[in-house]
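# Close look at the chain arrangement
One-letter residues, chain by chain:
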Amino acid sequence: MIGRVHSIESFGTVDGPGVRLVVFLQGCPMRCQYCHNPDTWEFGKGTEMSVGQIMGLYEKNRAFYNKGGITVTGGEPLMQIGFVTELFAAAARRGIHTCLDTSGITFRQERAEVVDAFDRLMAVTDLVMLDIKHIDPEGHKMLTGQELEPVMNFARYLDERAIPVWIRHVVVPGITYEQGELYRLGQFIGTLHNVKALDVLPYHDMGKIKYRNLELNYPLEDVKPLSKEEALSARQVILSGIRDVRHAH
């Protein structure tokens, strides 16, 4: 099976545990206002690669990946779910740790064939990094151009199947850097039993140059980056929401 690959990072250290081969797939239905990889959006682009080629890259540097593995991200990797499943199945056969970094936006719990495809992928997935962009349905639509519901349903699906999850959340001034929103996000996370880590990432505007090069308008032109201290305080608010829900139960 052939996948369309945007780029590959040989020694990634921020996309899952350990040192990892990180595969960025091409194509994304989301239009997150702070996206710093707008060059991954378009479908039908990228380099065509086979599972065998990617496994070959892994094997070449295998000695460096002893506590790591393979991460597939994007774009939105679930737009190429068949390819990811085949890649992860090949990795699983060799005892390689597999991590999926996704927004969960393609999940449709009402469609049996979609759930079946997800079941096949989850059988060979060790960890999911789930990006929850915004906890408010209106805010999510405004920020990403997509509905929130599939993301929430996907989070619950992963919980039901006991798939380990790391939650990622980007905190943006004036959009998600708001106590009520952060607390509500924590309350939702508190209902899940499979969350192993919480990454709260401060918004940065390093994508501006790419937008200019692609002749695109940068939607958050006037938004200042968030400091690390502010991101840490945001994380504390989310954790308080998690704690309150768990204490209530």
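Structural data are supplied above this passage.
Residues numbered from 1 in each chain as written. Predicted model: local features only at pLDDT ≥ 70, side-chain atom pairs only at ≥ 80, totals over all residues. Heavy atoms only, no water.

### Observations regarding the environment of H169
Checked against the element boundaries, H169 lands in strand β7 (residues 165-171). What makes H169 buried here is its relative accessible area of 3%. Taking the C-alpha atoms as reference points, H169 and H140, 29 residues apart in sequence, are found 12 Å from one another. With residues up to four places along the chain from it excluded, the contact list for H169 reads I132, K133, H134, T176, L182, L185, D199, V200, L201 and I238. (Helix = DSSP H or I, 4+ residues; strand = E, 2+ residues; numbered from the N terminus. Buried < 20%, exposed > 50% of the residue type's maximum accessible area, 1.4 Å probe, protein only. Contact = heavy atoms within 4.5 Å.)

### Quick look at the packing of helix α1 (residues 51-60) against helix α2 (residues 81-93)
For the pair α1 and α2, the least separation of the axes is 10 Å and the interaxial angle reads 45°. What the angle tells us is that α1 and α2 run oblique. When you trace α1 past α2, the crossing you get is right-handed. Residues V51, I54 and M55 of α1 form the contact with α2, whose participating residues are F83, E86, L87, A90 and A91. Of the residues assigned to the contact of α1 with α2, the class counts are seven nonpolar, no polar and one charged. (Axes fitted to C-alpha atoms, helices over the stretch in contact; angles between N-to-C directions. Parallel < 35°, antiparallel > 145°, perpendicular 65-115°, else oblique. Left-handed = near helix turned anticlockwise from the far one by under 90°. Nonpolar A, V, L, I, M, F, W, Y, C, P; charged D, E, K, R; others polar.)

### Remarks on the pairing of strand β2 (residues 20-25)
Among the six residues in β2, six count as buried, and that is most of the element. Burial of the side chains of β2 extends over both faces: R20, V22 and F24 are buried on one face and L21, V23 and L25 on the other. The pairing of strand β1 (residues 2-12) with β2 spans five bridges and is antiparallel. In the strand pairing of β2, V5 is matched with L25. Where β2 lies against strand β4 (residues 69-73), five bridges are found, and the strand directions are parallel. Note on β4: the bridge partner recorded for R20 is G69. (Pairing = 2+ DSSP bridges.)

### So, the side chain of D131
Here D131 shows up in strand β6 (residues 127-131). Among buried Asp, Glu, Lys and Arg side chains, D131 stands out as unpaired, with K133 the closest opposite charge at 4.5 Å. (Lys, Arg positive; Asp, Glu negative; His and termini not counted. Salt bridge = Lys/Arg side-chain N within 4 Å of Asp/Glu carboxyl O.)

### As for the environment of G69
Among the secondary structure elements, G69 is positioned in strand β4. For G69, a relative accessible area of 0% gives the class buried. Through-space distance from the C-alpha of G69 to that of D119 is 21 Å; in sequence the pair is 50 residues apart.

### A few points about the sheet that holds β1
Read across the open sheet, the eight strands follow the order β3-β1-β2-β4-β5-β6-β7-β8; overall the sheet is mixed. The sheet terminates laterally at β3 (47-50) and β8 (195-202), the two strands that pair on one side only. Neighbour-to-neighbour, the strand axes of the sheet open up by a mean angle of 30°, direction not taken into account. Along the sheet face, helix α5 (residues 149-160) touches β5 (97-102), β6 and β7 and points at about 155° away from the line of β6. In the packing of helix α8 (residues 228-248) onto the sheet, contacts are made with β7 and β8, and the angle to β8 comes to roughly 145°.

### Observations regarding the packing of aromatic side chains
This structure, assessed with the given rule, holds 11 aromatic pairs. Residues W41 and Y211 carry aromatic rings whose centres are separated by 6.2 Å and whose planes lie at 80° to one another, so their mutual orientation is edge-to-face. Of this pair, W41 sits in the loop between β2 and β3 while Y211 sits in helix α7 (residues 208-213), placing them 170 residues apart in sequence. Comparing W41 with Y211 shows no difference in burial state: the two are buried. Residues F118 and Y157 carry aromatic rings whose centres are separated by 6.2 Å and whose planes lie at 85° to one another, so their mutual orientation is edge-to-face. (Phe/Tyr/Trp six-rings, centres within 6.5 Å; stacked < 30°, edge-to-face > 60°.)

### Some words on the nonpolar core
When a protein is soluble and globular, its nonpolar side chains tend to lie buried together. Formed by 75 residues in total, the largest nonpolar core has its most connected members in I70, F88, M122, V128, L130 and F154. Tallying contributions element by element places α2 first for this core, with eight residues. Those residues in contact with M122, other than ones at most four positions away along the chain, are L100, V128, F154, Y157, L158 and I163. (Core = buried A, V, L, I, M, F, W, Y, C linked by side-chain atoms within 4.5 Å.)

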